Amino acid sequence: MSGGTSSGAGGAAARMDRRTVLKLAGGAALLPAVACSPPREQIVPYVDMPEGLVPGRPRHYATALPLTGYGAPVVVESHQGRPTKVEGNARHPASGGATDAFAQAAVLSLYDPDRARAPVWRGAPGGAGEIRSWDGFLGALEGRRAAWDSTGGAGLRLLTTPVCSPTLAAQIAALLRRYPAARWDVWEPVNDDNALQGAIQAFGRPLQVLPHLAAARCVLALDADPLGPGPQQVALARDFAAARPGGKQPRDGQATARLYAVEAAMSLTGAAADHRLALHPADIPAFAAALAAELGAVPGAGMDAARGAAPQGAHARRFLAAVAEDLRAAGPAALALAGRTQPPEVHALAHCINDRLGAIGRTLSLVEPIRGGPALVAPSIAALAADLAAGQVSDLVILGGNPAYDAPADLRLAAHLPAVPFSIRLSPWADETAMLCRWHLPEHHPLETWSDAQSVDGRIGLVQPLIRPLFDSRSAHELLAALAGDPAATGHDILRAHWRERQGGGPSAFEDWWIAALRDGVLPGMAAIPVRPPAAVPPPAVAQPGTGDRAAPGFALLFRPDPALWDGRFAGNAWLQELPEPFSKLTWGNALQLAPGDAAALALDEGDLARVEADGAVLELPVVHAPGQAGGVAVVHLGHGRRHAGPVGTGRGVDAYPLRRSASPWRRDGVRLSAAGGRQLLARTQSHFRQHGRDIVREIDLAALARMPAGTDSLPASLYPEPPLPPGPQAWGMVIDQSACIGCNACVTACQAENNIPVVGPEEVALGRTMHWLRIDTYLAPPDGAAGGDGAAGGDRPLFQPVPCMQCEKAPCEPVCPVAASVHTQAGLNAQVYNRCVGTRDCQSTCPYQVRRFNFRDYAAGQAYANLGDPLYRAQRNPNVSVRPRGVMEKCTYCVQRISAAGREAEAAGRPLRDGAVVTACQAACPTGAIAFGDLRDPAAEVVRRKALPHNYALLGDLGTRPRTTYLARLRHSNPVLAADRTGGAEREGEG
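Residues numbered from 1 in each chain as written. Predicted model: local features only at pLDDT ≥ 70, side-chain atom pairs only at ≥ 80, totals over all residues. Heavy atoms only, no water.

**Remarks on the overall build of the protein**
Okay, step 1: Summing up its helical and strand segments, the protein has 32 helices and 36 strands in all.
Okay, step 2: Taking the intrachain contacts of the protein between residues at least 6 apart in sequence as the baseline, contacts between residues at least 24 apart amount to 75%.
Okay, step 3: Taken as a whole, the protein presents about 35,100 Å² of accessible surface, with 55% of it coming from carbon and sulfur. (Helix = DSSP H or I, 4+ residues; strand = E, 2+ residues; numbered from the N terminus. Contact = heavy atoms within 4.5 Å. Areas by Shrake-Rupley, 256 points an atom, 1.4 Å probe, with all protein chains shown as cover.)

**Some details on the pairing of strand 28 (residues 798-803)**
Okay, step 1: For strand 28, a buried count of six out of six residues is recorded, marking the element as mostly surrounded by other parts of the structure.
Okay, step 2: Alternating residues of strand 28 divide into Pro798, Phe800 and Pro802 and Leu799, Gln801 and Val803, and every residue in both groups is buried.
Okay, step 3: Bridging between strand 27 (residues 775-780) and strand 28 involves six bridges; their strand directions are antiparallel. Directly across from Tyr779, in strand 28, lies its bridge partner Leu799. (Buried < 20%, exposed > 50% of the residue type's maximum accessible area, 1.4 Å probe, protein only. Pairing = 2+ DSSP bridges.)

**Structural notes on the sheet that holds strand 22 (residues 617-625)**
Okay, step 1: With respect to topology, six strands assemble into a closed barrel ordered 19-23-20-22-21-24, the strand pairing being mixed. Sheet twist, expressed as the average angle between the axes of neighbouring strands with direction ignored, equals 45°.
Okay, step 2: As paired strands, strand 21 (residues 608-614) and strand 22 are joined by six bridges and run antiparallel to one another. Note that in strand 22 the partner of Ala614 across the bridge is Ala617. (Axes fitted to C-alpha atoms, helices over the stretch in contact; angles between N-to-C directions.)

**Considering the nonpolar core**
Okay, step 1: With 104 residues, the main nonpolar core has Tyr111, Leu576, Trp732 and Tyr894 as its most contacted residues.
Okay, step 2: By size, the runner-up hydrophobic cluster in this structure holds 66 residues, among which are Leu207, Val219, Val323 and Ala750. (Core = buried A, V, L, I, M, F, W, Y, C linked by side-chain atoms within 4.5 Å.)

**A few points about the packing of helix 18 (residues 491-503) against helix 19 (residues 507-520)**
Okay, step 1: In the contact formed by helix 18 and helix 19, the axes pass within 11 Å of each other and the chain directions differ by 120°. Handedness of the helix 18/helix 19 crossing: right-handed. Residues His492, Leu495, Arg496, Trp499, Arg500 and Gln503 of helix 18 lie in contact with helix 19, whose contacting residues are Phe510, Glu511, Trp513 and Trp514.
Okay, step 2: In terms of residue class, the contact of helix 18 with helix 19 is made up of five nonpolar, two polar and three charged. (Left-handed = near helix turned anticlockwise from the far one by under 90°. Nonpolar A, V, L, I, M, F, W, Y, C, P; charged D, E, K, R; others polar.)

**As for the environment of Cys741**
Okay, step 1: As for its placement among the helices and strands, Cys741 is situated in the loop between strand 26 (732-737) and helix 24 (746-754).
Okay, step 2: Along the primary structure Cys741 and Gln801 are separated by 60 residues, whereas in three dimensions their C-alpha atoms are 7.5 Å apart.
Okay, step 3: Residues in contact with Cys741, not counting those within four places in the same chain, are Phe800, Pro802, Thr928 and Ala930.

**Some remarks on helix 14 (residues 377-389)**
Because an α-helix completes one turn every 3.6 residues, residues spaced three or four positions apart along the sequence face the same direction.
Okay, step 1: In a regular helix each residue adds 1.5 Å, so 13 residues correspond to 18 Å; helix 14 covers 18 Å between its end C-alpha atoms and thus fits that length.
Okay, step 2: For helix 14, every residue scored as buried is listed here: Val377, Ser380, Ile381, Leu384, Ala385, Asp387 and Leu388. Each buried residue of helix 14 lies within a common arc of 160° when the element is viewed along its axis, so the set occupies one face.
Okay, step 3: Packing partners of the buried residues in helix 14 comprise strand 6 (156-160), strand 7 (183-186), helix 7 (193-203), strand 14 (395-399) and helix 16 (413-416). (Expected span 1.5 Å × (residues − 1). Arc of directions from axis to C-beta.)

**Points about the environment of Pro39**
Okay, step 1: When you line up the elements, Pro39 lands in the loop between helix 2 (18-35) and strand 1 (59-67).
Okay, step 2: Along the primary structure Pro39 and Pro465 are separated by 426 residues, whereas in three dimensions their C-alpha atoms are 6.7 Å apart.
Okay, step 3: Setting aside its immediate chain neighbours within four residues, Pro39 contacts Pro465, Leu466, Ile467 and Arg468.

What follows is the structure, encoded as structure tokens:
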């Protein structure tokens, strides 16, 4: 991969310079403070615990972590003042106790030694800069404030990401009242401008859509990815699982939601869909218009014109007719969603469809935009860029985001920033924007901050720090207070003052409210209030729709946020860099995704470098094949190719932002592709995606499930009787529901954080030496047959399968170990005794599931890669899990440390271990509840109930290993018309 470094310890030592030595020494000096330095102010545990800090017993605190401005409600585990693990806040409806991969990885970024440590002044933006004190900055600021007071803030601009903190929004409003000539601009590269503009077309004002998937019985995703990464993923994935079959409603076909997806490139929602149609992005608006006409949502002459714009092809017409029939039958329980990448007209059409079916108020709510600032971010950043180019900005304050890296290339924002006479950048890292500003001020990490935040549903939660700031940093609240003339104000005091004014009442009542708000993590009665707009109006373009023809010759290049790095803000996080992309399994970089037919036509194999040209801009990326992608379409993930992201993120992958334009941020037409010559080694965690006739991921139609008898997964013949459960108080087991798994990877990162699993770097990944104890395998369903995909019209569909250790009753790894390092416990766990292992790897060679990981290098010490050997990173480690050295085999043991802790707690309380008392890290993180874990001796346990379902089966069960981890076959709620079409092979027409 580009930007790779030596993975040997000797290489790290050879690169060590004076700055590195000082960093290591500083990190070592910080470790004692990290271990015992909670914030000075009072923070409140999430649950009642002893007042004194008990060594070895963690405490838990409710807070929130930001993503695109929204706050993700979480509960953070802290060991003696060290935050080590993030869980979801079960009391918050937007979480329900689950998290995503971004939240799980937040604890690693907290201890990043590459974080900014002190204010830096750059006389010449882009230079090395000089370390200054905060007093030095405040002195310079005082002179600028005097100028603002005399001019009312003329020339002052504040640039932020969309703000979901009520306190911060109030501070900005107060600052603008003081300086009325100043202006507040907003930028977010992954924004909802198209959706808000579509609401303006339909209802006359910007409104935000809050889907209620649990109430839906038929869902259509028009290039929408509600199950994909983003601030709504956890809540929508949980709702989707509640409306689907699997382990919850295995025989209730009438009450099960059916999901249709129409999209140009594969998404997590498309992978979960019962039926999927792959269309060129230019054809999706025509499909939406024709569907709206079919449902009567487009009146008059516009209806006939819209019907005439239906996409070509017999299957596409049958697909449209089937979707229309299902949506009409579902009525108010139907839901049509348009994705952020679709133009406003498609969003307006989706509103018309939902309004016509009566879905508004049942399967979706419409609310006023929750985030503060200008509703549309693209015009806001364009106005700022125009002012910068005209020299009308004398003072610029940038809070959050990274506009010098991710703003549309045609605005040339990065070229104009250095000319601003007085620019301030507040951020935790010295990123691309910080390098172009006069002042770079270090910002608190979210786990060091006092604040508040709104989740996507509008509910407000308080943000409390878990640890005293590691470096000399400040929060956005404190910087805004300094801008307003109060540099001594603390975030804690600012937050309390804001909420004391809002709550009213006496001091005692406020203190009670404050303590309860911190403990619960969510304020009562603060959800967004739905509005009922007038009837939706079809967009003007429906009267004369396009024909769906391609706008320009060449390929349509689609831009998508990266599922691990998002818009690039997480590029410095090694856990997320090594998190596999769900479909290609690529790590440590991005690639150009092409449909196999297009790649063959261009003579581009996987790993070949492709040349991407558009209006003079040229990129070179390696190619990966993307089954299920529409022809004539190329896809690239944003967030890579960072120039200032620390030793972990700098130079990883290719920056695609230079091809992005403000007029069309999600799609670039007329792109020319060609072979660039040369190849690049791809750091992938999976090399093949076919089952080759093996019954690995089973898929059953929901209608066929009702006819299945119980216990259909028979055991292979054996001369020995089936052994009973081993003696002991518990017999642990797990069931994974493949209908609920959406491939989001939250469980993978949660396992890594819980079990001190190291990263290995791109070179080691390319050699197959990953260390994840839990992986999600992806297999492609064949394009024909009842278990197949939607043929060429929808392409091969991915099937996801989480694979931890199977905990075999007859484990092949145990008898081959020469030192008995792999042993069986009384509770049925296949345990690994690390200090006994001598690294023969015999157990790995005999494991049919390949779930064992071997430390080829001293990954735990971190010297094998980048700056991961910095002592500061050690503060993140879970003290209840041993750190494995080089030459040792390691694997999943059902989070045995959690089993042990729950057992001790139950024993101390004098009660038996109840079902649900032990929750594994992967189980806790899963937003869909796909994983059930418990005692197989408990007949009332959820895991026992799932194992009794007729579609429960063992992976490679014919080998006779008797795994304790089993699976529920993936259930598909097929439309009978399209199912017959698929099995008849009609869906394969027009392939390529």
